[in-house]
Amino acid sequence: MSASAAVCVSALLVFLPGVTEQHQEDVRNSFEIAARAANRRSGDDYTAWFNAFKSTLIKIHWFSQQDGVARDVQGLVLDHLDFSASERELLVRVLNTLQQKAENEDALNLFNKSVLSAVDQDAVSRLLFIGGGSYRGKYHLAVCSEENGAVAVSTFYARFEVDGAQYRSVLYSDGQVETKTTISHHVLGLNSERYANVRDSIKKRLEDSGVSEQAPVSGL
């Protein structure tokens, strides 16, 4: 099974080769329902948002394997993510494909809408990671793996605040504008056996909402 990717609310999920289709769906649905719950409960408090997100995952049979300390970063955010060289290469390819392929317009729009919470709309380009004005937001860059049936997601949760018309990317902080980017690293595991007991009810809750906040990234 080849690598794949999807946007799920404000998360970019990258699935390494070997993650089954069923487990990919489980991860996407879990992240969507947890993000929706966090959006309802936390508003613009991004620390509270992640706590609510994680709390919902734990209730549906995920568990925490690692929680890193939040830290401020400068420069290219990707340089501060503890992924392997092959994972980093795949993540960059996914980001480029998301921006450049016309068939990914829906995924791109979903990510933009979900990431940015306060935007001067006149200053924001359609292209991902390009904008200006004053805005703030949050996103996940996550890599999912599976080994012997065990599913794990290594995710970097980033939140940013920007005040500068020339700020060019949520993935880059060059110190030339008033910018604060904070990241934290988390590793989450899925108890697949127990999750199977709630899989259908979670899927039904998402379907009954009438709105999907997932979109595949095509053309990898």
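Fair warning: this is a prediction, and the values are worked out from it, not measured in the lab.

A.B. asks: Please set out the packing of aromatic side chains residue by residue, giving values where relevant.
C.D. replies: The tally for this structure, following the rule as stated, stands at nine aromatic pairs. When the ring of Phe-31 is compared with that of Phe-53, the centres are 5.2 Å apart and the planes differ by 75 degrees; the resulting orientation is edge-to-face. Placement of the pair is Phe-31 in helix α1 (residues 21–42) and Phe-53 in helix α2 (residues 46–59), with a sequence separation of 22 residues. Considered together, Phe-31 and Phe-53 belong to a single accessibility category, that of buried residues. Where Trp-49 meets Tyr-157, the ring centres are 5.6 Å apart and the plane angle is 10 degrees; that geometry is what we call stacked. On the criterion of sequence distance, the pair formed by Trp-49 in helix α2 and Tyr-157 in strand β8 (residues 150–163) is long-range, its members being 108 residues apart. A single burial state applies to Trp-49 and to Tyr-157, both of which are buried.

A.B. asks: Now, about α2: what can you tell me, with residues and values included?
C.D. replies: Three- or four-residue spacings in an α-helix give side chains the same orientation, since the helix completes a turn every 3.6 residues. The terminal C-alpha atoms of α2 lie 20 Å apart, and with 14 residues this matches the ideal 20 Å at 1.5 Å per residue to within 8%. One side-chain oxygen at the N-terminal end of α2 lies 3.2 Å from the backbone nitrogen of Thr-47; it belongs to Asp-45. One or two residues past the end of α2 sits His-61, with phi positive at roughly 80 degrees.

A.B. asks: So, the packing of α1 against α2: which residues are in play, and what are the values?
C.D. replies: Relative to each other, α1 and α2 sit at 135 degrees, their axes nearing to 8 Å. Taken together, α1 and α2 sit at an angle that is classed as oblique. α2 is crossed by α1, and the crossing has right-handed handedness. For the pair α1 and α2, the contacting residues are Ser-30, Phe-31, Ile-33, Ala-34, Ala-35, Ala-37, Ala-38, Asn-39, Arg-41 and Ser-42 in the first and Ala-48, Trp-49, Ala-52, Phe-53, Ser-55, Thr-56 and Leu-57 in the second. For the contact of α1 with α2, the per-class residue count stands at 11 nonpolar, five polar and one charged.

A.B. asks: Describe the pattern of salt bridges, naming the residues involved and giving the relevant values.
C.D. replies: The tally for this structure, following the rule as stated, stands at six salt bridges. The closest approach of N and O atoms between Asp-67 and Lys-54, which form a salt bridge, is 2.4 Å. Remark: Lys-54 occurs in helix α2 and Asp-67 occurs in strand β3 (residues 62–67); sequence separation between them is 13 residues. A salt bridge links Lys-204 to Asp-208; the nearest nitrogen and oxygen atoms lie 2.6 Å apart.

A.B. asks: Which residues make up the nonpolar core, and what are the values?
C.D. replies: Core analysis: the biggest nonpolar cluster contains 31 residues, and Val-7, Leu-12, Leu-81, Leu-91 and Tyr-139 have the highest contact counts within it. Residue assignment for this core shows that the elements contributing at least two residues are β1 (4–8), β2 (11–15), α3 (85–100), α4 (105–115), β7 (134–147) and β8. With near-sequence residues (within four places) excluded, Leu-91 lies in contact with Leu-12, Val-14, Leu-78, Leu-81, Phe-83 and Leu-141. In this structure, Val-19, Val-27, Ile-60 and Ala-142 belong to the second largest nonpolar core, which totals 30 residues.

Calculation criteria
Residues numbered from 1 in each chain as written. Predicted model: local features only at pLDDT ≥ 70, side-chain atom pairs only at ≥ 80, totals over all residues. Heavy atoms only, no water. Phe/Tyr/Trp six-rings, centres within 6.5 Å; stacked < 30°, edge-to-face > 60°. Helix = DSSP H or I, 4+ residues; strand = E, 2+ residues; numbered from the N terminus. Buried < 20%, exposed > 50% of the residue type's maximum accessible area, 1.4 Å probe, protein only. Expected span 1.5 Å × (residues − 1). Polar contact = N/O pair within 3.5 Å; in protein donor to acceptor, adjacent residues only side chain to side chain. Axes fitted to C-alpha atoms, helices over the stretch in contact; angles between N-to-C directions. Parallel < 35°, antiparallel > 145°, perpendicular 65-115°, else oblique. Left-handed = near helix turned anticlockwise from the far one by under 90°. Contact = heavy atoms within 4.5 Å. Nonpolar A, V, L, I, M, F, W, Y, C, P; charged D, E, K, R; others polar. Salt bridge = Lys/Arg side-chain N within 4 Å of Asp/Glu carboxyl O. Core = buried A, V, L, I, M, F, W, Y, C linked by side-chain atoms within 4.5 Å.

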